[in-house]
Amino acid sequence: MALQKLVRDKIPEIIRCSGEEPVTRIMDDGEYLIALEKKLDEEVAEYHESHDVEELADVLEVVYALCEAQGKTIDDLMRVYSKKHEERGGFKEKIFLISKK
């Protein structure tokens, strides 16, 4: 496991159960937001590599944490998602824009 990064809440206990002792600290809000943004990049890169739905679940976990770190709720996120989806659609039709004239 790579060190010096944001980890899920239960990781220190998992490390203890494996016979090792984790060294951790609690980040302040600014550090946490930066760490979440790095974690999002990490999880998206892992998805690109594996194309595994588990990596998409990790991306979603980070997105939810980013919302909460910015004082928003999952309901807030879903309202914005629904509004954008209603106004602009999704990606179901697989449309590829070549140019505009």
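Right above here is the structure, for reference.
## So, the overall build of the protein chain
Okay, step 1: Looking only at helices and strands, the protein chain features 4 helices and 0 strands.
Okay, step 2: Helices and strands in the protein chain line up, N terminus first, as α-α-α-α.
Okay, step 3: Whereas a compact globule of 101 residues would reach a radius of gyration of roughly 13 Å, the protein chain reaches 18 Å, over 25% beyond that.
Okay, step 4: Each of the 101 residues in the protein chain was classed as buried or not, and the buried ones make up 16%.
Okay, step 5: Long-range contacts, defined here as pairs at least 24 residues apart, represent 40% of the contacts in the protein chain between residues at least 6 apart.
Okay, step 6: When the accessible surface of the protein chain is split by element, carbon and sulfur atoms take 55% of a total near 9,200 Å².
Okay, step 7: In the protein chain, the 16 positive side-chain charges and the 24 negative ones have mean positions that sit 9 Å from each other.

## So, the layout of surface pockets
To find the voids left in a structure, one rolls a probe of water-molecule size over its atoms.
Okay, step 1: In this model, the largest pocket occupies a volume close to 1,400 Å³.
Okay, step 2: Along its surface, the largest pocket is lined by 36 residues, and Lys5, Leu6, Val7, Arg8 and Met27 are the ones closest to its centre.
Okay, step 3: Where the lining of the largest pocket is concerned, the elements lending two or more residues are helix H1 (11–17), helix H2 (29–50) and helix H3 (53–69).
Okay, step 4: A class-by-class count of the residues in the lining of the largest pocket yields 19 nonpolar, 3 polar and 14 charged.
Okay, step 5: Along its surface, the second largest pocket is lined by Arg88, Gly89, Gly90, Phe91, Lys92, Glu93, Lys94, Ile95 and Leu97.
Okay, step 6: A breakdown of the residues in the lining of the second largest pocket according to their chemical character gives 3 nonpolar, 2 polar and 4 charged.

## Quick word on H3
Okay, step 1: Taking 1.5 Å per residue as the helical rise, H3 with its 17 residues ought to reach 24 Å, and the 24 Å between its terminal C-alpha atoms agrees with that figure.
Okay, step 2: Each element contacted by the buried residues of H3 is listed here: H2 and helix H4 (74–88).
Okay, step 3: With a side-chain oxygen lying 2.8 Å from the backbone nitrogen of Glu54, the N-terminal cap of H3 falls on Asp52.

## A few points about the environment of Glu43
Okay, step 1: Here Glu43 shows up in helix H2.
Okay, step 2: Considered as a pair, Glu43 and Glu54 are 11 residues apart in the sequence and their alpha carbons are 10.0 Å apart.
Okay, step 3: For Glu43, the contacting residues outside a window of four places in its chain are Glu55, Asp58, Val59 and Val62.

## A few points about the side chain of Lys39
Okay, step 1: As for its placement among the helices and strands, Lys39 is situated in helix H2.
Okay, step 2: Once residues lying within four places of it in the same chain are set aside, the contact partners of Lys39 are Lys5, Leu6 and Val62.

## As for the pattern of salt bridges
Okay, step 1: Evaluation of the coordinates by the stated rule reveals 9 salt bridges.
Okay, step 2: For Glu21, the salt bridge goes to Arg16, with nearest N and O atoms at 3.5 Å.
Okay, step 3: For Glu21, a relative accessible area of 58% corresponds to the exposed category.
Okay, step 4: With a closest N to O distance of 2.4 Å, Asp76 and Arg79 form a salt bridge. Of this pair, Asp76 and Arg79 both sit in helix H4, 3 residues apart, which is roughly one turn of that helix.
Okay, step 5: When its relative accessible area of 52% is taken as the criterion, Arg79 is described as exposed.
Okay, step 6: A single network of salt bridges, built from pairs that share partners, joins Lys5, Lys39 and Glu42.

Criteria and thresholds
- Residues numbered from 1 in each chain as written.
- Predicted model: local features only at pLDDT ≥ 70, side-chain atom pairs only at ≥ 80, totals over all residues.
- Heavy atoms only, no water.
- Helix = DSSP H or I, 4+ residues; strand = E, 2+ residues; numbered from the N terminus.
- Rg over C-alpha atoms; globule rule 2.2 N^0.38 Å.
- Buried < 20%, exposed > 50% of the residue type's maximum accessible area, 1.4 Å probe, protein only.
- Contact = heavy atoms within 4.5 Å.
- Areas by Shrake-Rupley, 256 points an atom, 1.4 Å probe, with all protein chains shown as cover.
- Lys, Arg positive; Asp, Glu negative; His and termini not counted.
- Charge placed at Lys NZ, Arg CZ, Asp CG, Glu CD.
- 1 Å grid on protein atoms, 1.4 Å probe; cavity = no way out; pocket = protein on both sides within 12 Å on 5 of 7 lines; lining within 4 Å.
- Points joined across faces, edges and corners; volume = space filled by probe spheres on them.
- Nonpolar A, V, L, I, M, F, W, Y, C, P; charged D, E, K, R; others polar.
- Expected span 1.5 Å × (residues − 1).
- Polar contact = N/O pair within 3.5 Å; in protein donor to acceptor, adjacent residues only side chain to side chain.
- Salt bridge = Lys/Arg side-chain N within 4 Å of Asp/Glu carboxyl O.

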